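Structural overview
Given next are the chains, with one letter for each unit.
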Amino acid sequence: MSFFIEVLAGGLLAGVMYSLVALGFVLIYKASGVFNFAQGSLVFFAALTFVSLTERGWNFWLALLATLIAMILVGMAIERTVLRPLVNQPPITLLMATIGLTFVLEGASQLMWGSQPHGLELGIPDVPIEWLSQKWNINISQFDVFAAFVAGVLVAVLALFFQKTRIGRALRAVADDHQAALAVGIPLQHIWAIVWAVAGFVALVAGMMWGVRNGVQYALTFTALKALPVLILGGFESIAGAIVGGLIIGAGEKLAEVYLGPYVGGGIESWFAYVIALLFLLVRPEGLFGEKIIDRV
Amino acid sequence: MLYREAGQFKSTYAADQQIFPILQDRIAIGALLVVALVVVPLIGNQYWFSAILTPFLVLSLAALGLNILTGYAGQLSLGTAAFMAVGAFMAYNAVLRIPHLPILGAFIIGGLCAAAVGIVFGLPSLRIKGLYLAVATLAAQFFVLWAINRIGWFSNYSSSGVITAQRMAILGYPIEHSREKYLLTLVIVALMALAAKNLMRSETGRAFMAVRDMDVAASVIGIPMMKTKLLAFAISSFYCGVAGALYAYCYLGTVEPEAFTLDLSFRVLFMIIIGGVGSILGSFLGAAFITLFPIFLNVLSRSIESGLGIEMSHAVVSNAEAIIFGGLIIFFLIVEPNGLARLWQIAKEKLRLWPFPH
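A quick note: this is a predicted structure, and the numbers were derived from the prediction, not measured.

**Observations concerning the overall build of chain A**
Along chain A, the regular secondary structure elements total 12 helices and 0 strands. When the helices and strands of chain A are placed in sequence order, the string is α-α-α-α-α-α-α-α-α-α-α-α. Taking the principal axes of its C-alpha atoms as reference, chain A extends roughly 60 × 55 × 35 Å. Residues counted as buried form 48% of the 297 residues belonging to chain A. Nonlocal contacts in chain A, meaning residues at least 24 apart in sequence, comprise 73% of its contacts between residues at least 6 apart.

The structure is reproduced here in structure tokens:
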């Protein structure tokens with residue numbers, strides 16, 4: 001039983017890590033209808049910039065601030081140069097443009113900082129919490145709990161930002177209906193620039209968490225692939241969906257790997273998440289929290 | 001001046017409906033085929049055949065397959081490389097396990113197996129649409145590669161999962177050199193492109209396009225949704241499967257499952273986006289662009305290196321190439337979202353009026 005709980009908790013906490021990446025996708029999709037495949041590259045770019053700055057002797061907070069500013073600038077630059085000229089194109093064209101963007105971002109970040117892997121330390125060791133393992137024999141990493149906490153804070157901040165601030169309300173208006181938002185005088189392009197900046201910020205947080213877990217290296221860009229099943233499960237437009245989807249995928253994946261994996265030869269983590277997501281989609285084709293699709297002729 | 005259809009009257013329905021209604025087009029395509037079939041094999045060298053022309057043709061076929069699914073039937077797929085992998089590995093197994101099987105039969109078996117896998121992974125398309133479907137097709141990508149890696153039967157229990165394509169022969173005539181492989185690929189690709197072009201002008205193709213443009217409306221006017229969508233997946237996967245078999249037998253020779261990663265899927269998707277979605281010609285133009293451009297960049301960077309006398313590290317060069325490649329794709333999407341095929345169409349319109357545009 002304790003083993004089951006350990007696996008379940010580990011899976012849920014891993015799911016939170018997926019949610020962190022998925023959040024960045026959702027933000028941009030909600031506001032501009034762009035499926036931003038480059039989010040994984042943004043995560044990589046952020047983590048690599050941060051770790052390279054700290055390795056060059058920068059103070060932690062100074063490096064964080066500098067990376068944050070860099071991410072905001074990158075986000076705005078992407079909006080300005082790539083997406084603004086592509087307004088009103090079909091979704092697949094936008095998707096391909098962001099895939100093109102991944103080449104540019106990955107090339108640029110490795111050109112600037114080199115391609116060797118780095119370790120990242122945030123001062124919270126990736127070791128099991130002692131009293132839990134002593135009392136109930138459950139091993140849960142301290143860092144996982146910290147990451148979950150960070151994700152919680154991030155979602156709370158985003159929720160506050162969206163619900164309570166003027167910009168947040170404008171963002172929701174744009175997400176609801178571009179034209180109506182324009183009609184009541186919301187500057188669409190500023191809003192999109194802000195959304196990309198926020199997505200850059202989320203990428204920085206996700207990059208730091210994933211960087212501690214797996215090291216800052218090229219494989220970090222594949223986190224985007226981990227976030228995709230979470231997205232289709234939760235729905236592209238829903239922040240709550242990204243969190244719940246992440247938890248379901250994380251837990252399901254770990255449980256399947258432990259209890260089902262040995263029968264089929266293991267390594268099923270690469271595709272099992274998609275199977276879970278597909279099962280949910282068969283019942284709700286727009287994801288758990290996605291907007292209901294209404295077809296009219 | 002030269003490119004005019006004035007005076008070319010159609011007196012039969014057959015003449016009216018032919019694929020290339022303009023005489024100049026027919027001459028051009030005939031000349032192109034003669035060049036590709038006769039002139040190129042005479043003057044080309046090994047590097048051209050094995051490094052440029054064969055991969056270009058094979059990837060054109062894959063792009064054609066994806067274009068049938070995405071461009072004509074409107075179902076976005078990111079699993080192209082997986083279907084190619086099925087084609088490659090099943091063709092290998094067919095040659096291995098069925099005695100005296102002609103190589104073309106093996107290619108067809110590879111394609112049919114890919115079609116079967118395509119139907120299975122096309123099933124979600126009955127319920128899921130658009131980007132959700134695109135992500136769902138990633139399941140095919142990861143599952144197929146996992147299965148090929150894990151299940152030893154596919155690679156005949158070779159320890160590393162690597163297969164080596166068997167020797168090919170057609171009617172006792174061995175196909176060993178890069179020139180013969182190029183010719184074999186060319187003939188197969190040309191025939192399948194012709195078949196695709198005709199298919200898209202048939203009832204099936206029109207049903208595909210109706211589903212693409214609006215599937216609810218299509219089902220209202222009586223197009224069977226399930227049959228049409230699954231058929232699109234089957235035909236597309238068949239093309240991709242044959243392309244995969246050719247990729248293994250005519251291009252790579254020795255194949256590991258990692259040759260068919262998501263990267264390849266994306267490359268094929270780039271080809272149809274850059275070339276033109278919903279256009280047979282676009283598949284070829286896109287494939288030419290995506291295969292030739294990295295080679296061109298490589299040559300360019302090497303000549304810059306030797307020209308300026310500076311030594312650039314390999315990492316710097318490859319990163320710079322990635323940046324330029326990605327940037328150029330974005331640039332293309334911005335200036336011509338409909339692809340190279342559309343540019344070609346515009347050029348033809350202009351050419352018709354030239355030199356008196358009014």
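What follows picks up the thread again.
**Concerning the overall build of chain B**
In terms of helices and strands, chain B carries 14 helices and 4 strands. Taking 358 residues into account, the globule formula puts the C-alpha radius of gyration at 21 Å, and chain B, at 21 Å, falls close to it. For chain B, restricting intrachain contacts to residue pairs at least 6 apart in sequence, the fraction spanning at least 24 positions comes to 76%.

**Re the packing of helix α5 (residues 103–122) of chain B against helix α10 (residues 225–252) of chain B**
Residues and elements named next belong to chain B. Packing of α5 against α10 brings their axes to within 7 Å, and their N-to-C directions diverge by 140 degrees. The orientation of α5 relative to α10 falls into the category oblique. Crossing geometry of α5 relative to α10 is assigned as right-handed. Residues Phe107, Gly110, Gly111, Leu112, Cys113, Ala114, Ala115, Val117, Gly118, Ile119 and Gly122 of α5 form the contact with α10, whose participating residues are Lys229, Leu230, Phe233, Ala234, Ser236, Ser237, Phe238, Cys240, Gly241, Val242, Gly244 and Ala245. Residues of the contact of α5 with α10, tallied by class, amount to 14 nonpolar, 8 polar and 1 charged.

**Brief notes about the packing of helix α8 (residues 203–213) of chain B against α10 of chain B**
Residues and elements named next belong to chain B. The contact between α8 and α10 brings their axes to 10 Å, and the two run at 105 degrees. In terms of orientation, α8 lies roughly perpendicular with respect to α10. In contact with Thr204, Ala207, Phe208 and Val211 of α8, α10 contributes Thr228, Lys229, Leu231 and Ala232. Considered class by class, the residues forming the contact of α8 with α10 number 5 nonpolar, 2 polar and 1 charged.

**Some thoughts on the interface of chain A and chain B**
Between chain A and chain B, the contact holds 39 residues from the first and 37 residues from the second. Those elements that place two or more of their residues in the side of chain A that touches chain B are α4 (91–113), α10 (223–234) and α12 (269–283) of chain A. With 16 residues, α4 of chain A is the single largest residue contributor to the side of chain A that touches chain B. Of the residues contributing to the side of chain A that touches chain B, the split by class is 27 nonpolar, 10 polar and 2 charged.

**Looking at the nonpolar core**
In this structure, Ala47 and Val195 of chain A together with Leu61, Ala85, Ala91, Ala136 and Leu246 of chain B are the most contacted members of the largest nonpolar core, which totals 206 residues. Ranked by the residues each element gives to this core, the list is headed by helix α9 (residues 188–214) of chain A, at 18 residues. Each residue touching Ala136 of chain B, except ones within four places of it in the same chain, is listed here: Ile232, Tyr274, Leu278 and Leu281 of chain A together with Pro124 and Ile128 of chain B.

**Remarks on α10 of chain B**
Residues and elements named next belong to chain B. Between its first and last C-alpha, α10 extends 38 Å over 28 residues, near the 40 Å set by a 1.5 Å rise per residue. Of all the bends in α10, the greatest measures close to 30 degrees and is centred on Leu246. The buried fraction of α10 is high, at 22 of 28 residues. Gly253 occupies a position one or two residues after α10 and carries a positive phi of about 85 degrees.

**A look at the environment of Tyr173 of chain B**
Note that Tyr173 of chain B resides in strand β3 (residues 173–175). As a C-alpha pair, Tyr173 of chain B and Ser301 of chain B span 128 residues in sequence and 41 Å in three-dimensional space.

**Regarding the environment of Leu33 of chain B**
By the element assignment, Leu33 of chain B lies in helix α2 (residues 23–43). A residue is classified by how many C-beta atoms lie within 10 Å of it, and Leu33 of chain B, with 12 of them, is exposed.

**A short note on unusual backbone geometry**
As a rule of thumb, non-glycine residues mostly have phi less than zero, and peptide bonds are mostly trans rather than cis. Residue and element names in this part refer to chain B. One non-glycine residue, Asn156, lies in the positive phi region at around 55 degrees. With respect to the element layout, Asn156 can be found in the loop between α6 (130–150) and β1 (163–164). Asn156 gets classed as partly exposed once you count the C-beta atoms within 10 Å, which come to 13. A positive phi angle, close to 55 degrees, is found at Tyr157, a residue other than glycine. Position of Tyr157 relative to the elements: it lies in the loop between α6 and β1.

**Concerning the environment of Leu160 of chain A**
Residue and element names in this part refer to chain A. Relative to the helices and strands, Leu160 resides in helix α6 (residues 142–164). With 11 C-beta atoms packed within 10 Å, Leu160 lands in the exposed category. In sequence terms Leu160 and Glu55 are 105 residues apart; their C-alpha atoms lie 34 Å from each other.

**Some thoughts on the confidence of the model for chain A**
Caution applies to low-pLDDT regions: their predicted coordinates should not be interpreted in detail. Scored by pLDDT, chain A has a mean of 82; 92% of the residues are at 70 or more. Within chain A, helix α5 (residues 130–135) of chain A has the poorest average pLDDT of any element, 65, and helix α3 (residues 60–83) of chain A the best, 88.

**Regarding the confidence of the model for chain B**
In the predicted model, chain B carries a mean pLDDT of 88, and 99% of its residues have values of at least 70. Model confidence for the complex is summarised by a pTM of 0.89, with the ipTM given as 0.83.

Parameters at a glance
- Residues numbered from 1 in each chain as written.
- Chains lettered and ligands numbered in written order.
- Predicted model: local features only at pLDDT ≥ 70, side-chain atom pairs only at ≥ 80, totals over all residues.
- Helix = DSSP H or I, 4+ residues; strand = E, 2+ residues; numbered from the N terminus.
- Buried ≥ 20, exposed ≤ 12 C-beta atoms within 10 Å, placed from the backbone.
- Contact = placed C-beta atoms within 7 Å.
- Rg over C-alpha atoms; globule rule 2.2 N^0.38 Å.
- Axes fitted to C-alpha atoms, helices over the stretch in contact; angles between N-to-C directions.
- Parallel < 35°, antiparallel > 145°, perpendicular 65-115°, else oblique.
- Left-handed = near helix turned anticlockwise from the far one by under 90°.
- Nonpolar A, V, L, I, M, F, W, Y, C, P; charged D, E, K, R; others polar.
- Core = buried A, V, L, I, M, F, W, Y, C linked by C-beta atoms within 7 Å.
- Expected span 1.5 Å × (residues − 1).
- Bend = angle between axes of the 7 residues up to and from the residue.
- pLDDT = per-residue confidence, 0-100.

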